[in-house]
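# Observations on chain architecture
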Amino acid sequence: METPQAIRGTQDIFGAEAEAFARVVETFERVRKLYRFRRAEMPVFEKTAVFSRSLGETTDVVSKEMYSFLDRGDESLTLRPEFTAGIARAYLTNGWQQHAPLKLATHGPLFRYERPQKGRYRQFHQLDAEIIGAAEPQSDVELLVMADQLLKELGISDGVTLQLNTLGDAPSREAWRLALIDYFQSHRAELSEDSQDRLERNPLRILDSKDPRDKPFTADAPKIDDFLSGEAQDFFGKVCAGLDAAGVEWTRAPALVRGLDYYRHTAFEFVTDRLGAQGTVLGGGRYDGLIETLGGAHTPAVGWAAGIERLAMLVADAGAVPADTLDVMIALENDEAFAFAMAKLAELRRKGFTADIVATGSPKKRFDKAAKAGATHLASINLIDGDLRVNLRGANVDESQTQSIHAILAPGL
Ligand code: ATP
Ligand code: MG
């Protein structure tokens, strides 16, 4: 019978890659606690309107990438393509306003119908951090310092740069938008089809185009700096000064825009040169307008999301996943000592030692097999003339660890 294949663009992750993936999540969990971000869990699917209203109908995500379907009750549902909209919905429907400013962290799977390639999947995973109900640039800075620390603790910050931009407040962004339309109109015929289409709908997104035909024009396009209001300039100045004070390196990227409509002020990406076209490992910014699109009161907010697969690739490439340690390997050389060996194995593990046992196959071969496991201690358990014998050998280990293990395995000796 033919085995059904996995869905295109999904991954089964195992081995070193899975270890790197787990390390990314564990490090995020540790770092977010240092910054006092609270954990939240949201559903993997939402009513389609949660995403279509907040992301904007003209974005790639909504127009081309969503997994939407009618459920058995004829309701249109969508597998979440990103976290922020669902978090904003949860914030409103649960009355989380009472906790504002609310620092939230989550992680999990997301779904986008994209062209699968290295670093780009249809089910992928993100780390996500948001501060909701905070208008001050201090929050933008806090999120960026946290992102910077995360990459450093993962051991992958070399070759990763923080690219920073501002999209200004609503009036600045609108003036810039009009200037971009003017400019791109005059090059219309030379732009990619997608960008010609964006010209009417969402001209900022042309700057975000990955099509080489658009690149020459995006470089010379009008810059936001010429349209920033005094207030927007002041806000951005405080973000830059905060990063400098905290020792976070950054570069200005005047053409950086975020793919989604709801961004204002700060926009940023951490980009590496080591993952080819899929070099953005973490991106985010301020989205002061989003909560209103979901029917809430004006609520300033800022956040970021990072692709776990892309981070894990960097972690694996950097060899930054420590090899598994195995403190004790037991070779059970006589089956009559099975119960004794099981008791010792359980005790070792309860006391915090990594331990395993070879207790199957020909008894004569078990010792050699156990010796190959690369444990720091090798214990053979035998029964000779009715007496239990434990033989413990340690290789290059600290004496006190050996003594503790010895005390468990052979307390009388
Ligand atoms: P891109 O420009 O690469 O399409 P994006 O702007 O769509 O990215 P965001 O929505 O900002 O990405 O998501 C944040 C991060 O999530 C990205 O920087 C990336 O690391 C990761 N990511 C986004 N889409 C995918 C995907 N299809 N597969 C794997 N990781 C992804
Ligand atoms: Mg995308």
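All values derive from a computational prediction rather than experimental measurement.

Our focus in this paragraph is the pattern of salt bridges. Considering all chains together, one arrives at 25 salt bridges under this definition. In this structure, the salt-bridge partner of glutamate 75 is lysine 47, at a minimum N-O distance of 3.7 Å. Here the residue glutamate 75 occupies a position in the loop between strand E3 (67-70) and strand E4 (76-79), and lysine 47 occupies one in strand E2 (residues 45-47), the gap between them amounting to 28 residues. For arginine 366, the salt bridge goes to aspartate 335, with nearest N and O atoms at 2.8 Å.

Strand order across the open sheet formed by 3 strands is E2-E4-E3, with antiparallel pairing between neighbours. Pairing within the sheet leaves two strands with one partner each, and these edge strands are E2 and E3. Direction aside, neighbouring strands of the sheet carry axes that sit 30 degrees apart on average. Note: E3 against E4, 4 bridges, orientation antiparallel.

Bringing the packing of aromatic side chains into the picture now. One pass over the full model with this rule turns up 3 aromatic pairs. Look at phenylalanine 28 and tryptophan 304: their rings are 6.0 Å apart centre to centre, the planes differ by 65 degrees, and that puts the pair in the edge-to-face class. Here the residue phenylalanine 28 occupies a position in helix H1 (residues 16-34), and tryptophan 304 occupies one in strand E11 (residues 301-307), the gap between them amounting to 276 residues. Owing to a relative accessible area of 2%, phenylalanine 28 belongs among the buried residues under this scheme. Take tryptophan 304: its relative accessible area is 1%, and that puts it in the buried class. Judged by centre distance (5.8 Å) and plane angle (75 degrees), the ring pair of tyrosine 67 and tyrosine 113 falls under edge-to-face.

Analysis parameters
Residues numbered from 1 in each chain as written. Chains lettered and ligands numbered in written order. Predicted model: local features only at pLDDT ≥ 70, side-chain atom pairs only at ≥ 80, totals over all residues. Heavy atoms only, no water. Salt bridge = Lys/Arg side-chain N within 4 Å of Asp/Glu carboxyl O. Helix = DSSP H or I, 4+ residues; strand = E, 2+ residues; numbered from the N terminus. Pairing = 2+ DSSP bridges. Axes fitted to C-alpha atoms, helices over the stretch in contact; angles between N-to-C directions. Phe/Tyr/Trp six-rings, centres within 6.5 Å; stacked < 30°, edge-to-face > 60°. Buried < 20%, exposed > 50% of the residue type's maximum accessible area, 1.4 Å probe, protein only.

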